[in-house]
Amino acid sequence: MKRLVLSFITVLALLGFTTAGFAENIHENVGCGLGTMLLEKSKDSILIEILAATTNATLGNQTFGISSGTLGCRQPARWASNELNQFVAANMDSLAKDIAAGKGESLDTLAELMKIPSGGRAAFYSKLQANFAKIFTSENVQSADVIDNIVSVALS
Amino acid sequence: MDGLLARARQKELYRDRTWEALLHYKKRGLFLTGMHSLVDDPKFFLAPDGRDNPESELEATIRAFFSPETGDGSARCRFPARYDWLKTALRIDESRLPGAYCPAFEKAIGGKEFRRAVLVFPTAHMNSPASMFGHTLIRIDTGYRSKLLSYAVNYSANATDTNGLLFAFKGLFGFYKGYFSILPYYEKVKEYNNMDQRDMWEYNLDLTPEEIRRMVLHIWELQGIYSYYYFLDENCSYNLLFLLEAARPPLDLTDRFRLSAIPVDTIKAVGEAGLISGVEYRPSQATVIREKAALVNGPDRAEALAISEGKTGADTFNWRTESRNERILTDDLAIELLQYNFSKGKIPKTKYKKAFLSVLEARGKLGAEPSMDGEDPNDTGAERPDRGHGSRRAGIGFGFRRGAPFIEMSYRPAYHDLLDPSQGYVSGSQIEFLSISARYYIRENRLRLSRMNFISIVSLAPRDWFFKPVSWKIDTGLLEKAVSADRDSTVFFLNPGGGFAWNAGNNGLFYALLETDVNAGDRLRDKYAIGPGASAGIIASVAGGWKTHTCGRWTQYVAGDRHTELSLESAHRFRLGPEEALDLIFSGSWAYGSSRPEAIMKLNRYF
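Rules used in this analysis
Residues numbered from 1 in each chain as written. Chains lettered and ligands numbered in written order. Predicted model: local features only at pLDDT ≥ 70, side-chain atom pairs only at ≥ 80, totals over all residues. Helix = DSSP H or I, 4+ residues; strand = E, 2+ residues; numbered from the N terminus. Buried ≥ 20, exposed ≤ 12 C-beta atoms within 10 Å, placed from the backbone. Contact = placed C-beta atoms within 7 Å. Domains from an automatic or database assignment. Nonpolar A, V, L, I, M, F, W, Y, C, P; charged D, E, K, R; others polar. Pairing = 2+ DSSP bridges. Axes fitted to C-alpha atoms, helices over the stretch in contact; angles between N-to-C directions. Parallel < 35°, antiparallel > 145°, perpendicular 65-115°, else oblique. Left-handed = near helix turned anticlockwise from the far one by under 90°. Core = buried A, V, L, I, M, F, W, Y, C linked by C-beta atoms within 7 Å. pLDDT = per-residue confidence, 0-100. Expected span 1.5 Å × (residues − 1).

**Student:** Hey, could you run me through the overall build of chain B in this one?
**Tutor:** Summing up its helical and strand segments, chain B has 15 helices and 24 strands in all. Overall size of chain B, expressed as C-alpha extent along the three principal axes, is 90 × 75 × 40 Å. Each of the 607 residues in chain B was classed as buried or not, and the buried ones make up 40%. Taking as baseline every contact in chain B between residues at least 6 positions apart, the subset at least 24 positions apart corresponds to 63%.

Take a look at the structure:
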């Protein structure tokens with residue numbers, strides 16, 4: 001039952017993103033990152049719509065150890081519809097830390113951006129924690145894959 | 001439009017406080033009759049003489065708002081806060097205005113919710129002179145609950161020089177342009193908490209949503225607009241005060257800081273204006289490490305340390321303990337140490353990534369941390385910086401030097417010394433600018449400059465099992481000192497030093513420094529003396545408000561006026577009230593075969 005509720009929530013979240021994001025121009029801010037590459041890379045992903053809608057201002061394929069994140073990507077006007085992608089790309093390390101610990105401010109932020117209602121968060125967090133290795137699959141894992149994996153884990 | 005201009009003239013709107021606040025006008029001239037904006041960028045003004053003439057700027061603004069020009073570059077799109085105010089002040093009928101189309105503005109701001117404004121203070125960071133007094137920025141919370149997603153509004157100098165001296169010079173004298181920038185708050189948290197290791201204090205501002213909206217409109221107006229940046233007065237903290245004035249124009253905060261704006265003093269002023277409704281604390285990673293390490297026993301700590309240093313064969317834990325709780329504490333510590341070492345460049349990225357993933361995987365398997373009841377994560381015992389002593393200090397006292405009685409008066413414009421109560425300041429640090437002490441020797445009926453520090457910076461940072469900082473000092477100014485067996489004279493001195501410090505007992509700090517002293521003065525043989533030296537001391541909080549500093553210093557002047565100087569001092573400061581303290585200082589120095597004992601009792605007041 002819990003799993004069903006969670007899946008339902010996540011699907012709602014996906015829908016929310018897709019509709020919220022479509023108004024944006026995908027190629028608007030390519031200079032900042034590798035949006036196009038990211039899209040091709042995740043073609044088979046269940047997240048294709050989300051990514052199409054949210055990678056326009058992506059910060060590139062961020063991996064661990066990027067401590068000063070968003071070089072050249074400082075246009076506030078464009079945060080509007082890209083928050084999740086940007087947030088994960090710019091906060092890979094602290095998000096991984098929070099997922100491993102099952103709590104923390106970055107994890108709360110992720111949940112909020114994925115529109116997980118507060119009632120479902122405890123279950124969401126412990127599921128991510130238990131499946132840490134499936135989300136952060138290698139030390140070179142990239143932010144787009146992390147988002148993919150989080151959704152797969154949440155839906156599983 | 002002519003009607004509006006007439007109405008504006010008749011109401012003398014150009015004298016209105018809101019107009020002053022939005023244009024950053026300040027009085028100037030011999031009798032303060034003229035006006036002048038502190039914004040230097042010509043793009044900010046619509047009238048050619050707008051910078052010095054509020055009236056013509058106002059009229060140019062009204063005209064521009066009525067011009068058929070539209071789009072992002074039009075006056076109405078660029079100056080929404082001015083428009084917002086004029087609309088009400090002049091009761092403008094918007095239907096008579098040409099329709100404004102501001103896509104960029106609409107996209108960034110239109111319809112967004114601005115919930116809360118927060119004044120953020122990342123505390124000082126001793127090893128970076130540019131951050132010595134700390135910094136302030138404003139966080140604007142939007143519809144998100146997560147603060148990390150808020151906007152961080154930051155005013156900073158656009159400086160590219162890496163040469164410290166050049167940077168300091170250009171910064172002091174306004175060679176850099178300062179700009180407002182906006183970043184996601186998480187970038188600022190990473191920068192201050194994780195990279196610079198600065199604790200952050202977040203002061204919630206008691207502003208209404210309407211006031212916050214006005215602040216946001218004004219921030220929009222300041223996008224890409226520069227003012228010359230001056231470290232001492234027109235700095236980050238000073239410029240943020242304009243944002244608060246734009247939010248609530250009757251506030252007058254900027255006039256109080258025309259000569260210098262020390263970040264923590266601006267926070268105090270904001271508090272005195274009744275604008276602070278709460279405070280939160282965001283410890284740096286270094287602070288978190290100290291807290292977590294205190295909960296982990298020695299062998300486990302060593303294990304966490306080995307992993308964090310990326311030592312071969314130490315990429316997984318060899319658990320000594322069966323306790324899940326202890327494993328969690330150790331693993332959490334290893335994670336923090338690892339990130340710290342990486343941010344300080346102590347381990348290469350490849351090693352970091354591998355070890356980071358490994359400790360995190362282990363942590364994931366350990367499951368949720370057992371809940372600790374009744375623990376308030378914000379209750380760390382850290383002291384609010386705005387509750388610290390005032391950064392200016394004046395003192396008057398009485399004492400004897402070689403038996404000769406004197407009255408001493410001293411004044412320090414900024415900021416903190418080793419004996420001042422460390423609440424709200426960096427413990428073990430001293431930063432003083434232009435502090436001065438003069439003595440009136442009663443029997444001789446002579447007034448003498450006893451000491452004047454141009455600058456005095458001391459950073460005593462304790463070394464422990466993990467942190468291995470270097471302590472250092474730089475002290476320069478004028479000083480009255482022995483120049484022969486029976487003669488004192490004023491000399492210039494420059495005294496840098498470096499060494500180590502360690503915690504001694506619960507409240508003590510022991511240090512030892514190697515130093516060099518350069519003296520120059522007419523009364524010195526060859527007019528100068530240079531030599532190496534060493535100093536050591538203990539600073540301790542003995543009880544409640546009693547702090548002591550006992551130290552000794554030896555200098556062997558080997559060039560110029562060759563001689564040996566030895567000095568000992570035991571200084572005690574008793575806190576009498578929140579802003580009052582009593583000093584008792586006993587000292588003696590030996591040089592040129594004679595001694596100079598001294599005792600002083602002095603009353604200090606901070607403000």
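**Student:** Looking at this structure, I do not really get the overall build of chain A. What am I missing?
**Tutor:** What chain A contains, in helices and strands, is nine helices and zero strands. In chain A, the succession of α and β elements from N to C terminus is α-α-α-α-α-α-α-α-α. The buried share among the 156 residues of chain A stands at 50%. Residue pairs in contact within chain A that sit at least 24 positions apart in sequence constitute 70% of those at least 6 positions apart.

**Student:** I keep staring at the interface of chain B and chain A and nothing clicks. Help me out?
**Tutor:** Interfaces are frequently sized by the accessible area removed from exposure as the parts join. Facing the 36 residues of chain B at the interface are 30 residues of chain A. Secondary-structure elements contributing two or more residues to the side of chain B that touches chain A are helix H6 (103-108), strand E6 (176-184), helix H8 (185-195), helix H14 (324-343) and helix H15 (349-366) of chain B. If you tally residues by element for the side of chain B that touches chain A, the top one is H15 of chain B, at 10 residues.

**Student:** Help me out: how do you make sense of the domain arrangement of chain B in this one?
**Tutor:** Residues and elements named next belong to chain B. Under the domain assignment, chain B is made up of domain 1 (2-108), domain 2 (116-282), domain 3 (294-366) and domain 4 (388-606). Of note, the centres of domain 1 and domain 2, computed from C-alpha atoms alone, are 25 Å apart. Every contact between the two is made by 17 residues of domain 1 and, on the other side, 15 residues of domain 2. Contributions of two or more residues to the side of domain 1 that touches domain 2 are made by helix H2 (17-23) and helix H5 (80-89). The greatest single-element share of the side of domain 1 that touches domain 2, amounting to four residues, is contributed by H2. Of the residues that constitute the side of domain 1 that touches domain 2, the class distribution is nine nonpolar, two polar and six charged.

**Student:** Whenever I open this one, the environment of Phe317 of chain B confuses me. Can you help?
**Tutor:** Of note, Phe317 of chain B is situated in the loop between helix H13 (298-308) and H14. The class for Phe317 of chain B is buried, based on 20 C-beta atoms found within 10 Å.

**Student:** How should I be thinking about the pairing of strand E13 (residues 429-441) of chain B in this particular structure?
**Tutor:** In the case of a regular strand, side chains alternate between the two sheet surfaces. Residue and element names in this part refer to chain B. The sheet contact formed by strand E11 (residues 404-412) and E13 spans six bridges and is antiparallel. Each bridged residue has a counterpart across the sheet, and for Phe406 the counterpart in E13 is Tyr441. Of the strand pairs in this sheet, E13 and strand E14 (residues 446-459) are connected by 12 bridges, and their pairing is antiparallel. Of the residues in E14, the one forming a bridge with Phe433 is Ile455. Hairpin connection between E13 and E14: a loop of four residues separates the two successive antiparallel strands, and Asn445 in this loop has a positive phi of roughly 55 degrees.

**Student:** What exactly am I supposed to notice about the packing of helix H7 (residues 118-130) of chain A against helix H9 (residues 143-155) of chain A here?
**Tutor:** Two quantities define a packed helix pair, namely the angle between the axes and the distance from one axis to the other. Residue and element names in this part refer to chain A. For the pair H7 and H9, interaxial distance at closest approach is 10 Å and the crossing angle is 115 degrees. Between H7 and H9, the angle is such that the two are roughly perpendicular. Regarding H7 and H9, the two cross each other, and that crossing is right-handed. Where H7 abuts H9, its residues Phe124, Lys127 and Leu128 lie against Ile150, Val153 and Ala154. Of the residues that constitute the contact of H7 with H9, the class distribution is five nonpolar, no polar and one charged.

**Student:** I'm lost on the nonpolar core in this one. Help?
**Tutor:** Generally speaking, soluble globular proteins have nonpolar side chains that are buried together. Residues and elements named next belong to chain B. Counting 132 residues, the largest nonpolar core has Leu119, Ile138, Val153, Leu243, Leu338, Val359 and Leu360 as the members making the most contacts within it. Here this core takes nine residues from helix H10 (residues 236-247), the largest share from any one element. If sequence neighbours within four positions are ignored, Leu119 has contacts with Thr136, Ile138, Tyr203, Leu205, Ile267 and Val270. Core analysis: the next-biggest nonpolar cluster, separate from the first, contains nine residues, Leu418, Val458, Ala461 and Ala501 among them.

**Student:** When you look at the sheet that holds strand E4 (residues 137-141) of chain B in this model, what are you seeing that I'm missing?
**Tutor:** Sheet strands associate in pairs through backbone hydrogen bonding, adopting either a parallel or an antiparallel arrangement. All names here are of chain B. Read across the open sheet, the seven strands follow the order E8-E6-E5-E4-E3-E7-E9; overall the sheet is antiparallel. Of all strands in the sheet, those bounded by a partner on one side alone are strand E8 (227-229) and strand E9 (276-282). Averaged over neighbouring strand pairs, the angle between their axes works out to 35 degrees when direction is ignored. Pairing of strand E3 (residues 116-122) with strand E7 (residues 200-205) involves five bridges; the strand directions are antiparallel.

**Student:** Mind showing me how you'd approach the packing of helix H4 (residues 83-90) of chain A against H9 of chain A here?
**Tutor:** Residue and element names in this part refer to chain A. One way to put it is that H4 packs onto H9 with a least axis distance of 9 Å and a crossing angle of 115 degrees. Viewed along their axes, H4 and H9 adopt a mutual orientation that is roughly perpendicular. In terms of crossing hand, the pair formed by H4 and H9 is right-handed. On H9, the residues touching Leu84, Asn85, Val88 and Ala89 of H4 are Ser143, Val146 and Ile147.

**Student:** It is not clear to me how the confidence of the model for chain A should be interpreted in this structure. Could you clarify?
**Tutor:** Do not read the predicted coordinates in detail wherever pLDDT is low. Residue and element names in this part refer to chain A. Of all residues in chain A, 47% have pLDDT values of 70 or greater, and the mean over the chain is 62. Summarising per-element confidence for chain A, the mean pLDDT is lowest in helix H2 (residues 35-41) (29) and highest in helix H5 (residues 92-101) (96). Contacts for the low-pLDDT stretch residues 1-61, under 50 throughout, to residues beyond four places or in other chains number 104 contacts. Scored below 50 in pLDDT, residues 66-81 makes 35 contacts in the model with residues more than four places away or belonging to other chains.

**Student:** For this particular structure, what's the right way to read the confidence of the model for chain B?
**Tutor:** Averaged over all residues, the pLDDT of chain B is 90; the fraction at 70 or higher stands at 96%. As scored by the predictor, the complex reaches a pTM of 0.85 and an ipTM of 0.89.

**Student:** What exactly am I supposed to notice about helix H3 (residues 54-66) of chain B here?
**Tutor:** A turn of α-helix holds 3.6 residues, and therefore any two residues three or four places apart point the same way. Residues and elements named next belong to chain B. For H3, which comprises 13 residues, the first-to-last C-alpha distance of 19 Å matches the rise-based estimate of 18 Å (1.5 Å per residue) to within 8%. Restricting attention to buried positions, one finds in H3 the residues Pro54, Glu57, Leu58, Glu59, Thr61, Ile62 and Phe65. On its buried side, H3 packs onto helix H1 (2-10), H2, strand E1 (25-28), strand E2 (34-37), helix H4 (75-78) and H5.

**Student:** What is the right way to read the environment of Asn453 of chain B from this model?
**Tutor:** Residue and element names in this part refer to chain B. Following the sequence through the fold, Asn453 ends up in strand E14. Given 21 C-beta atoms within 10 Å, Asn453 falls into the buried group. Spatially, the C-alpha atom of Asn453 lies 37 Å from that of Glu291, the residues being 162 residues apart in sequence. Setting aside its immediate chain neighbours within four residues, Asn453 contacts Glu432, Leu434, Ser435, Asp475 and Gly477.

**Student:** Just checking my understanding: could you explain H8 of chain B for this structure?
**Tutor:** Counting buried positions over the 11 residues of H8 of chain B gives eight, a clear majority of the element. For H8 of chain B, the complete set of buried residues consists of Tyr185, Tyr186, Lys188, Val189, Lys190, Tyr192, Asn193 and Asn194 of chain B.

**Student:** What's the story with the environment of Asn158 of chain B in this structure? I'm lost.
**Tutor:** All names here are of chain B. Assignment of secondary structure puts Asn158 in the loop between strand E5 (151-157) and helix H7 (164-172). A C-alpha to C-alpha distance of 40 Å links Asn158 and Arg91, two positions 67 residues apart in sequence. In contact with Asn158, other than residues within four places in its own chain, are Tyr176, Lys177 and Tyr179.

**Student:** Just checking my understanding: could you explain unusual backbone geometry for this structure?
**Tutor:** A negative phi holds for most residues other than glycine; trans holds for most peptide bonds. Residues and elements named next belong to chain B. In the segment running from Ala414 into Tyr415, the intervening peptide bond is cis, with an omega of 20 degrees. Within the element layout of this structure, Tyr415 appears in strand E12 (residues 414-416). In the Ramachandran plot, Lys527 falls in the positive-phi region, its phi being about 70 degrees despite a non-glycine side chain. Structurally, Lys527 is set in the loop between strand E18 (508-520) and strand E19 (528-543).

**Student:** Got a minute to help me understand the pairing of strand E16 (residues 471-484) of chain B in this structure?
**Tutor:** Residues and elements named next belong to chain B. Across eight bridges, the pairing between E14 and E16 is antiparallel. Counterpart to Ser459 in the pairing with E16 is Trp472. Looking at chain direction, E16 and strand E17 (residues 487-504) are connected through 13 bridges and run antiparallel. Looking at E17, one finds that Thr476 is bridged to Leu494.

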